[in-house]
Amino acid sequence: MPLSLQNLNEVGVLCAAGRLAEALSLCGEFVADHPDLPHGYHLRAAVRVLMGEERLALADRDKVVSLCPRLPGAYMARAEDQLRLGDFAAACADLDRAAKLDDGHYGPMIPLLRGYCRARLGRFEEAEADCALVPEDYLLPGFGGAVPGHARALSAEIAALKMQASENRPEQM
């Protein structure tokens, strides 16, 4: 009997119990039964991230984007995985897409993450413009210190990267 959307509720329970292989299998079954629904792909990508398989998660993120091209969350999820993998250009492109589609739900999260990506790419003026869009009291948890979680930390990161870039630049004659 085909799985239903309610069956996917079990994925979170399995993940919380550390039974990631079973969660991944359940997602795979759902995808096989419902290849045109994004839910199974999204959850399978999340499980793969938990398993440390971010590169494999990207294929599922791509599928979600293809099924939901007007959903900013699809681009946000893929951007987060790309960011974790250090593909700042791809993450920045998806954050741009998410910003165009966002109705305000993601608020300052988009410019904070995009500012970080732009700074890592050496696009400092754009990074500073993004940083200026992040309210002082905004806090983004979830990246375990890998990404600045607030505007002051992002500003400091931009300044450090700018200084590093200027030190590595050959002297002008």
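Preceding this section is the structure that the text describes.
Residues numbered from 1 in each chain as written. Predicted model: local features only at pLDDT ≥ 70, side-chain atom pairs only at ≥ 80, totals over all residues. Heavy atoms only, no water.

J.: Summarise the overall build of the protein; cite the residues concerned and give the values.
T.: For the protein, the count of helices and strands is 9 helices and 0 strands. In terms of overall dimensions, the protein has a C-alpha envelope of 70 × 30 × 30 Å along the principal axes. Among the 173 residues that make up the protein, the fraction classed as buried is 42%. When contacts within the protein are restricted to residue pairs at least 6 apart in sequence, those whose partners lie at least 24 apart make up 51%. When the accessible surface of the protein is summed, it comes to about 9,600 Å², and 54% of that surface belongs to carbon and sulfur atoms. Distance from the positive charge centre (18 side chains) to the negative charge centre (25 side chains) of the protein: 3 Å. (Helix = DSSP H or I, 4+ residues; strand = E, 2+ residues; numbered from the N terminus. Buried < 20%, exposed > 50% of the residue type's maximum accessible area, 1.4 Å probe, protein only. Contact = heavy atoms within 4.5 Å. Areas by Shrake-Rupley, 256 points an atom, 1.4 Å probe, with all protein chains shown as cover. Lys, Arg positive; Asp, Glu negative; His and termini not counted. Charge placed at Lys NZ, Arg CZ, Asp CG, Glu CD.)

J.: Quick rundown of helix 4 (residues 54-67)? Include the residues and the values.
T.: For helix 4, built from 14 residues, the straight-helix expectation of 20 Å at 1.5 Å per residue is met to within 8% by its first-to-last C-alpha distance of 20 Å. For helix 4, the full list of buried residues reads Glu54, Ala57, Leu58, Asp60, Arg61, Val64 and Val65. For helix 4, the secondary structure elements touched by its buried residues are helix 3 (38-50) and helix 5 (72-84). (Expected span 1.5 Å × (residues − 1).)

J.: Residue-level account of the environment of Asn9, with values.
T.: Looking at the secondary structure, you find Asn9 in helix 1 (residues 9-16). Under the relative-accessibility criterion, Asn9 is labelled exposed at 55%. Once the C-alpha coordinates of Asn9 and Cys92 are considered, the two residues, 83 residues apart in sequence, prove to be 31 Å apart.

J.: Lay out the pattern of salt bridges in plain terms, naming residues and giving numbers.
T.: A full pass over the atoms with the stated rule returns 17 salt bridges. The closest approach of N and O atoms between Arg61 and Asp81, which form a salt bridge, is 2.6 Å. In this pair, Arg61 is assigned in helix 4 and Asp81 in helix 5, connecting sequence segments 20 residues apart. For Asp81, a relative accessible area of 1% corresponds to the buried category. For the salt bridge of Glu126 with Arg118, the shortest nitrogen-to-oxygen distance reads 4.0 Å. Exposure remark for Glu126: the relative accessible area of 33% places this residue in the partly exposed category. Residue classification places Arg118 among the buried positions, given a relative accessible area of 11%. Shared partners join several salt bridges into a network, and the residues in it are Asp96, Arg114, Arg118, Arg123, Glu126 and Asp130. (Salt bridge = Lys/Arg side-chain N within 4 Å of Asp/Glu carboxyl O.)

J.: Tell me what's going on with the side chain of Asp130, and back it up with residues and numbers.
T.: By the secondary structure assignment, Asp130 is in helix 8 (residues 124-132). Polar side-chain contacts of Asp130 include one of 2.8 Å to the side chain of Arg114. (Polar contact = N/O pair within 3.5 Å; in protein donor to acceptor, adjacent residues only side chain to side chain.)

J.: So, the nonpolar core: which residues are in play, and what are the values?
T.: Counting 34 residues, the largest nonpolar core has Met76, Leu83, Leu95, Leu113, Cys117, Leu140 and Ile158 as the members making the most contacts within it. Apart from the residues within four sequence positions on either side, Met76 is in contact with Leu95, Ala98, Tyr106, Met109, Ile110 and Leu113. Among the nonpolar cores identified, the runner-up in size contains 11 residues, and Cys15, Ala23, Cys27 and Val47 belong to it. (Core = buried A, V, L, I, M, F, W, Y, C linked by side-chain atoms within 4.5 Å.)

J.: I'd like a rundown of the side chain of Arg78, residues and numbers included.
T.: Structurally, Arg78 can be placed in helix 5. A residue is classified by how much of its surface remains accessible, and Arg78, at 12% relative accessible area, is buried.

J.: How would you summarise helix 3 if you had to cite specific residues and measurements?
T.: Here helix 3 spans 19 Å end to end across 13 residues, near enough to the 18 Å set by a 1.5 Å rise per residue. Restricting attention to buried positions, one finds in helix 3 the residues Pro38, Gly40, Tyr41, Arg44, Ala45, Val47, Arg48 and Val49. Note on helix 3: the residue one or two positions beyond its end, Gly52, has a positive phi of about 80°.

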